[in-house]
Amino acid sequence: MTTSSIQELTARVRAFADERDWQQFHTPKNLAMALTGEVGELVAEFQWLTADQSAAVMADPELGPRVRAELGDVTIYLVRLADVLGIDLVAAALDKLADSARRYPVDQARGSAAKARDEIS
């Protein structure tokens with residue numbers, strides 16, 4: 001298994017696009033739309049599965065590789081969109097996690113799926 005950093009992945013995706021002269025097509029709007037399409041394809045793999053089947057999807061020799069590939073597509077478009085917008089994905093995620101920790105204190109949120117009242121998303 002290979003472990004790469006977000007920075008390494010960003011550089012590889014950027015180089016891939018640059019080599020093909022695709023940066024002209026990689027506007028934030030186009031990338032967000034492509035990301036949405038890929039998320040839809042990922043969701044389609046889970047659409048008719050039960051909760052138990054979805055939890056075990058990676059053990060399925062047919063579905064597991066498809067889910068992995070769709071997650072790869074989602075990741076590539078997300079990383080490319082963040083790169084084009086100049087957003088540090090790790091910093092954005094850590095900021096969001098800190099905000100969620102504030103909005104959902106453990107003593108009030110443990111075991112509950114209720115949304116916070118001051119939800120900003």
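Residues numbered from 1 in each chain as written. Predicted model: local features only at pLDDT ≥ 70, side-chain atom pairs only at ≥ 80, totals over all residues. Heavy atoms only, no water.

Caption draft 1: Molecular detail of the nonpolar core. The biggest cluster of nonpolar side chains holds eight residues, and these are Leu 31, Leu 35, Leu 42, Val 57, Leu 63, Val 67, Val 74 and Leu 81. Mapped by element, the contributors of at least two residues to this core are α2 (28–46) and α4 (63–85). It is α4 that provides the largest number of residues to this core, a total of four residues. With near-sequence residues (within four places) excluded, Val 57 lies in contact with Phe 46, Leu 49, Leu 63, Gly 64 and Val 67. (Core = buried A, V, L, I, M, F, W, Y, C linked by side-chain atoms within 4.5 Å. Buried < 20%, exposed > 50% of the residue type's maximum accessible area, 1.4 Å probe, protein only. Helix = DSSP H or I, 4+ residues; strand = E, 2+ residues; numbered from the N terminus. Contact = heavy atoms within 4.5 Å.)

Caption draft 2: Broad picture of the pattern of salt bridges. If you walk through the whole model with that rule in mind, you get seven salt bridges. Of the charged contacts in the structure, one is a salt bridge between Arg 80 and Asp 83, with a shortest N-O distance of 3.2 Å. Linking Arg 80 with Asp 83, this pair stays in helix α4, spanning three residues, or about one helical turn. By relative accessible area, Arg 80 is classed as buried at 6%. (Salt bridge = Lys/Arg side-chain N within 4 Å of Asp/Glu carboxyl O.)

Caption draft 3: Representation of the packing of aromatic side chains within the structure. Per the counting criterion, the structure on display carries one aromatic pair. When the centroid spacing of 5.6 Å and the interplanar angle of 70° are considered together, the rings of Phe 16 and Trp 22 count as edge-to-face. Against the face of Phe 16 rests Arg 20, its NZ or CZ located 3.5 Å from the ring centre. The side chain of Arg 20 reaches across the aromatic face of Trp 22, ending 5.9 Å from its centre. (Phe/Tyr/Trp six-rings, centres within 6.5 Å; stacked < 30°, edge-to-face > 60°. Lys NZ or Arg CZ within 6 Å of the ring centre and 35° of its normal.)

Caption draft 4: Inspection of the environment of Arg 12 at higher detail. Along the chain, Arg 12 falls in helix α1 (residues 6–19). Judged by relative accessible area, Arg 12 falls into the exposed class, the value being 66%. In this structure the C-alpha to C-alpha distance between Arg 12 and Val 57, which are 45 residues apart in sequence, comes to 29 Å.

Caption draft 5: Highlighting unusual backbone geometry. One non-glycine residue, Asp 21, lies in the positive phi region at around 55°. Along the chain, Asp 21 turns up in the loop between α1 and α2. Given the relative accessible area of 41%, Asp 21 is considered partly exposed.

Caption draft 6: Looking closely at α2. With 19 residues, α2 extends 27 Å from end C-alpha to end C-alpha; this agrees with the ideal 27 Å at 1.5 Å per step. Here α2 has its buried residues at Leu 31, Leu 35, Glu 38, Leu 42 and Glu 45. The buried residues of α2 occupy an angular sector of 65° when the element is viewed end-on, so they sit on one face. Within α2, the exposed residues directed more than 90 degrees away from the buried face are Lys 29, Met 33 and Thr 36. Tucked into the core, α2 has its buried residues touching α4. (Expected span 1.5 Å × (residues − 1). Arc of directions from axis to C-beta.)

Caption draft 7: Structural detail: α1. With 14 residues, α1 should reach 20 Å at 1.5 Å per residue; the first-to-last C-alpha distance of 20 Å fits that figure. Here α1 has its buried residues at Thr 10, Val 13 and Ala 17. Seen end-on, α1 carries its buried residues on one side only, within an arc spanning 70°. Seen from the buried face of α1, the exposed residues on the opposite side, beyond 90 degrees, are Gln 7, Arg 12 and Glu 19. Residues of α1 that are buried make contact with α4.

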